[in-house]
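Structural description and commentary
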Amino acid sequence: MIYPDSKIVLEVRGLCATVNGTEILKGLDLTVRRGEVHAIMGPNGSGKSTFSKILAGHSAYEVTGGSVMFEGQNLFDLAPEERARAGVFLAFQYPIEIPGVINSQFLRLTYNTVQTHRGKEELDPLEFDDYVREKMKLLEMSPDFLERSVNEGFSGGEKKRNEILQMAMLDPRLAILDETDSGLDIDALRIVANGVNQLANKDNAIVLVTHYQRLLNYIVPDYVHVMEAGRIIKTGGKELALELESRGYDWVGVEHKAVAGAVA
Amino acid sequence: MSATLQNLVNQPYKHGFVTSIESDVAPKGLNADTIRMISTKKKEPEWLLEFRLKSYEAWLKMEEPVWPNVHYPKIDFQAISYYSAPKQKPKLKSMDEVDPELLRTFEKLGVPLHERMALAGVAVDVIFDSVSVATTYKDKLAEVGIIFCSMSEAVHDHPELVQKYLGTVIPPSDNFYAALNSAVFTDGSFCYIPKGVKCPMDLSTYFRINTEESGQFERTLIVAEEGASVSYLEGCTAPAFSSNQLHAAVVELVALDNADIKYSTVQNWYAGDEKGVGGIYNFVTKRGLAKGVNSRISWTQVETGSAITWKYPSCVLLGDNSVGEFYSVAVTNHYQQADTGTKMIHVGKNTRSTIVSKGISAGHSNNSYRGLVKVAPGATGARNYSQCDSMLVGQNSGAHTFPYIQVANNSSQIEHEASTSKIGEDQLFYFAQRGIDAEAAVSMIINGFCKDVFQQLPMEFAVEATALLSFKLEGSVG
Ligand SMILES: Nc1ncnc2c1ncn2[C@@H]1O[C@H](COP(=O)(O)OP(=O)(O)OP(=O)(O)O)[C@@H](O)[C@H]1O
Ligand SMILES: [Mg+2]
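Here the structure is a predicted model, which is why all the values come from computation and not from measurement.

**Quick look at the coordination of the magnesium ion (ligand 2)**
In this structure, Ser49 of chain A (OG) and Gln93 of chain A (OE1) serve as the protein donors to the magnesium ion (ligand 2), at separations of 2.0 to 2.2 Å. With Ser49 of chain A in helix α1 (residues 48-56) and Gln93 of chain A in the loop between β6 (88-91) and β7 (98-102), this pair connects stretches of sequence that are 44 residues apart.

Structure below.
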């Protein structure tokens, strides 16, 4: 929801980045305020996941220009784990499997680490078990997933739920959900979207990366951005997503070029 | 390590021979006279001298093995001095005199302060009354008839037992290093559990050898009589230094009917520096003979140190229904090389063996698993399950598996599983994204990878081993 005079959570200015020498982000601008839900759409390979991972601090990407401020501080001054503790959360498009590491132990470590850094109490294994089971109910997840290795052998949809479970636990300031809807069946989509909606409040912000309107039916965005070739080339309200759904992306690019041409 | 263990560290040998000899170090080189000198210095019985000389004769005819997947410059066996009276490590007066690098290591491993002092060689007698504690402990074992002493003591006090079992599991002619050890071993541990006795506590080498430089050629013999059981711990997680580069120990275990021996090792010898310079060569022969029916020999090892490790704790399953187990974690980093594994020799009927091997290689290191499962014609109903998993950390390390299976009995059942995995940057990034730094992440991944082995270790050891592994791999990822 848009709140007047709400504080800026994320301010991206002219962000440029390369991977292995190839330029992927080419001057990206984005401002996100507390309480808002933003959707980023755009063709495959336009740089949406790259952008998400750069915010989270993945070392494969080199930032070559621009700035990112998170809650008033330079995001790039923080190591990836510090960003997470400060409240940057990324639900991965492809959550990685960690064989041998038991999910419940992993979840407890991440929860307690983040809590400690926020000056809050840790939970012992029993308390945590109660806590996490409660959160799992929200996402209609079976407690069986606690005993399995992290994401190992999880179906696509189960992995996504495990991501949102962590979001629910870690209570982020900024949650970036990279195609959390892909791989979810119709019921799961509703359940996960419901979960996200319950987590959204006036103090945090959510950035949804998605290809489809169907997620936005459940989680209604305040802004919709179109990303192409490493830049946000158009921003609109929730109706822009509907327009993209019916017309595709080509016209946005054409329009953008025309505007750019007129300006030049 | 408890206060008990801790104080026993400072307990001098009852039969220490330091005082009884004039010259401390034998001239370099090995010949029959050197061996006679060792035997004389140690006031050994005639049969032991003969055992040594025969071993020496055998060794002369043997070649150094070249089949292990390890590489090192040729060892000049004539440049080694084969006898020196065990020296007390120099005692330091306070922690200020201890090498800061060593302290940092202890810190990382979470070794308690009083224990750090002991391990670093700071006199701790002022803190505890070590003699009384040591006596309590010895009394407790003596009450149930357990003998636990140095090999030298055993030769003097229990010669008939030593003579009965020494070299029966690993004959001197077994291999090059075993022969060398049999000829020149200077000390080690002896442990005897009488019939029907369950040893009331874990026996640890901590108790005995820590204030002394460990011998270069250690000899250990453990005998569990009918229905006896014992859990024996060797080594410790704190780094062990040695002025000798070559170590060639021999460990023999004998389990009679219904006896049970569990032997756990944490090995953290100096591994050389980051460039691979220096470090111990650890060429060990360990074998257990499950001699009686329903007997069990179980090896658990956590190998983290040494520049080169060459070691195959094995089980000969002679008694019907006997059980052999091998649980191993071997970690190599920098330029370390490890070639380790086990042999399970099934001779008796319905014998069972389990092999769980976890190899972790980081840096430029090389880690090989080498295992043999052999089923003799008479071993009907024999079963083996082997699982060999390798984990690679970084781009430049190597993992190899060499499983050998020889089955001469078609009623046996052999299962072998293997896997290779990697700690990747993306896994670490996932942890980081959830607030967990690389060190904690690696520790969690490694722990998960090794849990089947760690859960075999005594609780305290397991906790220390976990910390040790993370420490060993520190900085090798990401
Ligand atoms: N590590 C990498 N090495 C080489 N190229 C990369 C790497 N990471 C991303 N790219 C390239 O960067 C471009 C942007 O990729 P990114 O994953 O950000 O796209 P996306 O917008 O998320 O696409 P999708 O909608 O398919 O998920 C792609 O062309 C991709 O191939
Ligand atoms: Mg993507």
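**As for the pairing of strand β13 (residues 323-332) of chain B**
Residues and elements named next belong to chain B. Within β13, ten of the ten residues are buried, which leaves the element mostly enclosed by the surrounding structure. Alternating residues of β13 divide into Val323, Glu325, Tyr327, Val329 and Val331 and Gly324, Phe326, Ser328, Ala330 and Thr332, and every residue in both groups is buried. Where strand β10 (residues 296-303) meets β13, eight bridges bridge the pair, whose relative direction is parallel. Of the residues in β13, the one forming a bridge with Gln301 is Ser328. One ladder, built from ten bridges, connects β13 with strand β15 (residues 352-361); its direction is parallel.

**Things to note about the nonpolar core**
Grouped together as the largest cluster of nonpolar side chains are 112 residues, with contacts concentrated most on Phe51 of chain A together with Ile360 of chain B. With nine residues, the top contributor of residues to this core is helix α12 (residues 438-454) of chain B. Residues contacting Phe51 of chain A, with those up to four places away along its chain left out, are Val12, Leu15, Leu25, Leu28, Leu30, Ile40 and Met227 of chain A. One finds Leu161, Leu166, Ile170 and Ala183 of chain B within the second-largest nonpolar core, a separate group that totals 55 residues.

**Observations regarding the side chain of Arg219 of chain B**
Residue and element names in this part refer to chain B. Take Arg219: it is sitting in strand β4 (residues 218-224). What makes Arg219 buried here is its relative accessible area of 0%. Here Glu252 takes part through its side chain, which lies 2.9 Å from a polar atom of the side chain of Arg219.

**Here we look at the site of ligand 1**
All names here are of chain A. The environment of ligand 1 is formed by 15 residues, the closest being Gly45, Lys48, Ser49, Thr50 and His211. Ser49 places a polar main-chain atom, nitrogen or oxygen, 2.8 Å from an oxygen atom of ligand 1. With respect to ligand 1, the side chain of Glu179 contributes an N or O atom lying 3.3 Å from an oxygen atom. Burial of ligand 1 by the protein amounts to 63% of the accessible area it has alone, namely 630 Å². Among the elements that take part in the shell around ligand 1, α1 stands out by supplying three residues, more than any other. Residue composition of the shell around ligand 1, grouped by class: four nonpolar, nine polar and two charged.

Parameters at a glance
- Residues numbered from 1 in each chain as written.
- Chains lettered and ligands numbered in written order.
- Predicted model: local features only at pLDDT ≥ 70, side-chain atom pairs only at ≥ 80, totals over all residues.
- Heavy atoms only, no water.
- Donors = N, O, S within 2.8 Å, 3.2 Å for Na, K, Ca; no water.
- Helix = DSSP H or I, 4+ residues; strand = E, 2+ residues; numbered from the N terminus.
- Buried < 20%, exposed > 50% of the residue type's maximum accessible area, 1.4 Å probe, protein only.
- Pairing = 2+ DSSP bridges.
- Core = buried A, V, L, I, M, F, W, Y, C linked by side-chain atoms within 4.5 Å.
- Contact = heavy atoms within 4.5 Å.
- Polar contact = N/O pair within 3.5 Å; in protein donor to acceptor, adjacent residues only side chain to side chain.
- Near = heavy atom within 4 Å.
- Areas by Shrake-Rupley, 256 points an atom, 1.4 Å probe, with all protein chains shown as cover.
- Nonpolar A, V, L, I, M, F, W, Y, C, P; charged D, E, K, R; others polar.

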